[in-house]
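One-letter residues, chain by chain:
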2 protein chains.
Amino acid sequence: LRAMLTFTGDLERAQEQLGAILSGSAETILRKGLRPEASGARIVSFEIIEDVLKLHIVSDRYLRSHSALLRLRGPLVDVVGRECSFGLRSMRIDETIIVPVDKKPLRKLKVPFAKEVVYLPDEKSVRIELENVDSSFLEDGSIDRIENLVYDKIEQQYYKGKAERRTVIWESPRKPVMFKQDPTIVLEKLGWIKQGPGLGQWFFGPQMTALFRSFETLAVQEVLKPLGFKEVICPKVTPFHVWEKTGHMAGSEPEIYYVSLPKSRDIEDWEKVIDLYKVTKKAPVKEIRRMLKDPMGGNCYAQCPPMYWALEKKVIASESLPILMFDRSGVSNRNEAGGRIGFERVNEFHRIEPVFIGTPEQVTQTKDRLLERYSLVFNDFLDLEWRYVDVMPFYLQQAGIVKTELSDRLWTGTVDFEAYMPYRGERSASEWLEFQNLSVLGDKYTKAFSIKAQKGELWSGCSGIGLERWIASFLAQHGTEQQSTWPKKLLDYLCEIPTWIRFL
Amino acid sequence: LRAMLTFTGDLERAQEQLGAILSGSAETILRKGLRPEASGARIVSFEIIEDVLKLHIVSDRYLRSHSALLRLRGPLVDVVGRECSFGLRSMRIDETIIVPVDKKPLRKLKVPFAKEVVYLPDEKSVRIELENVDSSFLEDGSIDRIENLVYDKIEQQYYKGKAERRTVIWESPRKPVMFKQDPTIVLEKLGWIKQGPGLGQWFFGPQMTALFRSFETLAVQEVLKPLGFKEVICPKVTPFHVWEKTGHMAGSEPEIYYVSLPKSRDIEDWEKVIDLYKVTKKAPVKEIRRMLKDPMGGNCYAQCPPMYWALEKKVIASESLPILMFDRSGVSNRNEAGGRIGFERVNEFHRIEPVFIGTPEQVTQTKDRLLERYSLVFNDFLDLEWRYVDVMPFYLQQAGIVKTELSDRLWTGTVDFEAYMPYRGERSASEWLEFQNLSVLGDKYTKAFSIKAQKGELWSGCSGIGLERWIASFLAQHGTEQQSTWPKKLLDYLCEIPTWIRFL
């Protein structure tokens, strides 16, 4: 690490004392807290020219060069203050980081803030040259995160394109195939749904809406209420600062519907945009873009982040645990681009999201109970052919991590629920529809938002009930026409399907 | 108007015939369909230089210069095709438009595409110099819209800042003031609501959600169902092309939450953004902005545009009229900026929006029935002190337009419903909360979306039921504590208010 500390005046009077601190530092300041076998950090050279102190530090992993620099900064500034009565103006750093890696990168690595990233085959290391970063960069942990990024990127190069491992945990008995059509096409022909004005959106007429509300009530009454889940209403536009905590900014970017606010709310500032519209009858998108602030976040992607946010930095009384809540107060948007299918995989959809927070035991128990209630609904009310699948990302398999079993007290992970879609082909050859999931997240989100229990660990879990997908799964297997043959228990929940407009 | 028509070759061989067409045009091509007293348009001069034909046209209002040019283009191109076997490459136009106006502009006018806009006091006219516009500009009616824009802008300069005229049509008896606190503050203290992670958003805990769902059910069961309104589910992200038709692009711009999609859904294209986040733990908004397409529209602003859009270009059988539908399937966003107040005037809110479409009689009758049902709810179920107000924009008053009365068969306009908010001060000195509105829109939207009835005229109307504002009005007058003193009829709809978390 080479650092350049610029002070607010000539360092001549402090020269001797600075030299003394730096020369002795390897055995004093830089030695503190180190085990005897660690060599730590040492000053290779230093130079004082007028108001500038230049340092060259090398180190091993036990005390990193930038940590050494931060340790030295205080004493150096103190001396200068005492001898010369002035202070530090700025600190710029060039640092070379050597990251030992156990795999050779398959392609060139790019790392932010780095001038150069080079793999050294002999040392089995990656050398990263950071140039001209400032002190806040050292202080906020960015350098450690750069090292993690290197490990991540090499891992990604190896597992890229390889599928996650999906293990079927349970599957329902085969059901006779009664229907082989694509429900989207059938519903469009019936006039129950109509493609929306934007990509991957649908307008539901009153018939589809009645069916939708029936399924929604079924989910609330048969799954959530019996377990004691309480409804909340969550904000839907999500600012980046929430996703910075949940980690959605580490990979959801390509799917987000970004939201930008206007630079001004004064109508006069919008005169040109409005005039252009009035003359051309088209929205002048380039002009509008110029009138927008930087994006502030995006539309609801998952519903749970604001629920955790609402509990940020709270300590929860034991008697209030587990916290069981759900939200169904608006749409979610995801840019599915080429992945859109019918009304079942879309850019705008309606999800009920239950979140549960409690001790590991409570979270595990809630997961088990949800699984029971879901099974009851899919078997008895919807008479589905379905299965659930344990999903293990490839990188975990590669890392040799043995996942715990679903029945294990300490199970964390995600289970996907999948339904057979006869219109897509044979059971084994076709893609089943993932119509729901259930996750136990351990302390990932409670830690991220500093939510604490009165005592002990606090875990959480969540589940996404995709109502469009419940309906698509059911209709793909049971059809739309023979409502009299639908399961008796579902019929109890079914609202009357109203008529709609006759178009000429 | 000066036009420059560039052809794909030298015009020498067609010179004579072009001259003949242009010289005779005032009595032939340009005369067609004109009344004898109109002088119409004539060619002042023309010039042919190699592949370019230059024209100078003047006209009165009966046949506008640009219309004259479009009439001439066909015959000119025909002749060139016949004589020289080549065609028109491009047509560029400079046009001077004289717009007679009855008021002097108070400030300099700006008009898009115009190089210069000058008021001519002697002619009581505005002269607009358009420079180098292309032929599509003439063809799509932009020039006529530029004239309308000039009228609009002068009107706006006169009524700017002047309030709309609000006429109280009806007001309830005064009610005893039982509560004088700001419900937002009370609800925050109770822990029923919490300010959201973004501006003007709120998180509703289970207690507030129970209250909210009670009011929602009240509105649906006591207002909408008895009149036969059917629920639909509308797309929420609204593309600009829908707002181009509804006219929201003529002034809602400062309030819109704009939505932009990513340029790419390939995660590799997002590597830099993701890496920056992983290192700094902050969303790199400048980088993200660079990765976005131009905005494609915005979040739901009003719920009705997609309902009209769903019926675009349809002809409705008489038996299906009136169409009565409502949507409550997601949030609306408006950038209220400095106008935000508590949880009652916010950037993100929940509205039930009924829309009614039918003959003028049916729309009028539905408006009357809605008014009846609303009155019943506000008087008997909510026991509110409220009034409704006819709103007439200043420019209509100025224009001397006499508005029809609400009881009139042909009434179009908007009625605002306002509630007295005791915490804001005395009845006459304080601002009442506009908690709902009701509009009859005539054929504005049915025309814009070309929706037609089997026979006769087709009108529409809509109403915005702001659920946060219903609740705010009620709580401001009745308080949160003494639920036993709330109106009996409301209590029948009230869900049990659950408990929530005890925080330590």
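The text that follows walks through the structure, step by step, so that each part is easy to find.

## Here we look at the interface of chain A and chain B
Next, step 1: Taken together, the 112 residues of chain A in the interface contact 112 residues of chain B.
Next, step 2: Contact between chain A and chain B buries roughly 10,000 Å² in total, counting both sides, with carbon and sulfur atoms accounting for 63%.
Next, step 3: At the boundary of chain A with chain B, the tally comes to 20 salt bridges.
Next, step 4: Put simply, Asp294(A) and Arg289(B) hold a salt bridge, and the shortest N to O gap is 2.8 Å.
Next, step 5: Where chain A meets chain B, there are 51 residue pairs in polar contact (both at pLDDT 80 or more).
Next, step 6: The element that contributes the greatest number of residues to the side of chain A that touches chain B is helix 8 (residues 271-280) of chain A, accounting for nine residues.
Next, step 7: Looking at the side of chain A that touches chain B residue by residue, the classes come out as 58 nonpolar, 23 polar and 31 charged.
Next, step 8: Inspection of the sheet shows strand 12 (residues 258-260) of chain A paired to strand 12 (residues 258-260) of chain B by three bridges, in the antiparallel sense. What sits directly across from Val259(A), in strand 12 of chain B, is Val259(B).

## Describing the pairing of strand 15 (residues 323-327) of chain A
Residues and elements named next belong to chain A.
Next, step 1: In terms of burial, strand 15 is a largely internal element, five of the five residues being buried.
Next, step 2: Of the two faces of strand 15, the one lined by Ile323, Met325 and Asp327 and the one lined by Leu324 and Phe326 are each fully buried.
Next, step 3: Bridge analysis of strand 15 against strand 17 (residues 348-358) gives five bridges, and the strand direction is antiparallel. Bridge pairing in strand 17 links aspartate 327 to glutamate 353.

## Things to note about the pairing of strand 6 (residues 125-134) of chain B
Residues and elements named next belong to chain B.
Next, step 1: Where strand 4 (residues 88-100) lies against strand 6, eight bridges are found, and the strand directions are antiparallel. Its bridge partner being in strand 6, isoleucine 97 is matched across the sheet by isoleucine 128.
Next, step 2: Taken together, the six bridges between strand 5 (residues 114-120) and strand 6 define a ladder with antiparallel strand orientation. Residue pairing across strands places glutamate 116 opposite glutamate 129, the latter belonging to strand 6.
Next, step 3: Between strand 5 and strand 6, which pair antiparallel one after the other, the connecting turn spans four residues, and lysine 124 there sits at a positive phi close to 45°.

## Side note on the sheet that holds strand 4 of chain B
Residues and elements named next belong to chain B.
Next, step 1: Read from one edge of the open sheet, six strands run 2-3-1-4-6-5, paired in antiparallel fashion. Either end of the sheet is taken by a strand with one partner, and the two such strands are strand 2 (41-49) and strand 5. For this sheet the average axis-to-axis angle between neighbouring strands, irrespective of direction, equals 15°.
Next, step 2: Sheet strands in contact with helix 1 (residues 15-24) are strand 2 and strand 3 (52-59), and its direction is about 165° off that of strand 2.

## Some words on helix 5 (residues 183-190) of chain B
All names here are of chain B.
Next, step 1: Residues Pro183, Thr184, Val186 and Leu187 constitute the buried set of helix 5. The buried residues of helix 5 occupy an angular sector of 165° when projected down its axis, which confines them to one face.
Next, step 2: Buried positions along helix 5 lie against strand 8 (193-195), strand 9 (202-204), helix 6 (206-227) and helix 14 (467-478).
Next, step 3: The opening residue of helix 5, the one whose side-chain oxygen lies 2.9 Å from the backbone nitrogen of threonine 184, is aspartate 182.

## Description of the pattern of salt bridges
Next, step 1: This model, assessed by the stated rule, comprises 72 salt bridges over all chains.
Next, step 2: Two residues, Lys286(A) and Asp294(B), come together in a salt bridge whose shortest N-O distance is 2.5 Å. Linking Lys286(A) in helix 9 (residues 285-290) with Asp294(B) in the loop between helix 9 (285-290) and strand 13 (297-298), this pair reaches from one chain into another.
Next, step 3: Among the salt bridges present, the one from Arg502(B) reaches Glu319(A), with a minimum N-O distance of 2.8 Å.

## Re the sheet that holds strand 12 of chain A
Next, step 1: Spatial strand order, 11(A)-13(A)-12(A)-12(B)-13(B)-11(B): six strands in an open sheet with antiparallel pairing. This sheet does not close on itself; its edge strands, each paired only once, are strand 11 (238-239) of chain A together with strand 11 (238-239) of chain B.
Next, step 2: Relative to strand 13 of chain B, strand 11 of chain B runs antiparallel, the two being bridged by two bridges. Of the residues in strand 13 of chain B, the one forming a bridge with Thr238(B) is Gly298(B).

What counts as what
- Residue numbers run consecutively from 1 along every chain, following the written order of its sequence.
- Chains carry letters and ligands carry numbers; both start at the beginning, A for chains and 1 for ligands, and go up in the order they are written.
- The model is predicted, so local features are restricted to residues of pLDDT at least 70 and side-chain atom pairs to those at 80 or more, both for listing and for counting; the totals for chains, interfaces and linings are taken over all residues.
- As a convention, hydrogens and water are excluded, and side-chain values are obtained from all of the structure's heavy atoms.
- Two residues qualify as a contact provided that any one of their heavy atoms is within 4.5 Å of a heavy atom in the partner residue.
- Accessible area that two parts lose when put together, evaluated with a 1.4 Å probe and summed over both, is termed the buried area.
- By convention in these notes, a salt bridge is any Lys or Arg side-chain nitrogen within 4 Å of a carboxyl oxygen on Asp or Glu.
- Each polar contact in these results corresponds to two N or O atoms within 3.5 Å; when the atoms are within protein, one needs to be able to donate a hydrogen and the other to accept it, and residues that are neighboring in sequence are counted only if both atoms are side-chain atoms.
- Working definition: helices are DSSP H or I runs of at least four residues, strands are E runs of at least two. Numbering for both runs from the N terminus.
- Classification convention: Asp, Glu, Lys, Arg as charged; Ala, Val, Leu, Ile, Met, Phe, Trp, Tyr, Cys, Pro as nonpolar; all other residues, Gly among them, as polar.
- Think of it this way: DSSP has to see at least two bridges between two strands before they count as a pair.
- Relative accessibility under 20% of the residue-type maximum defines a buried residue, over 50% an exposed one, and the middle range a partly exposed one, all with a 1.4 Å probe and only protein chains included.
- To obtain each axis, a line is fitted to C-alpha atoms, and for helices this fit is confined to the stretch in contact; angles are then taken between N-to-C directions over 0 to 180 degrees.
- Along the arc lie the directions from the helix axis toward the C-beta atoms.

Distances and angles like these do not, on their own, reveal function.
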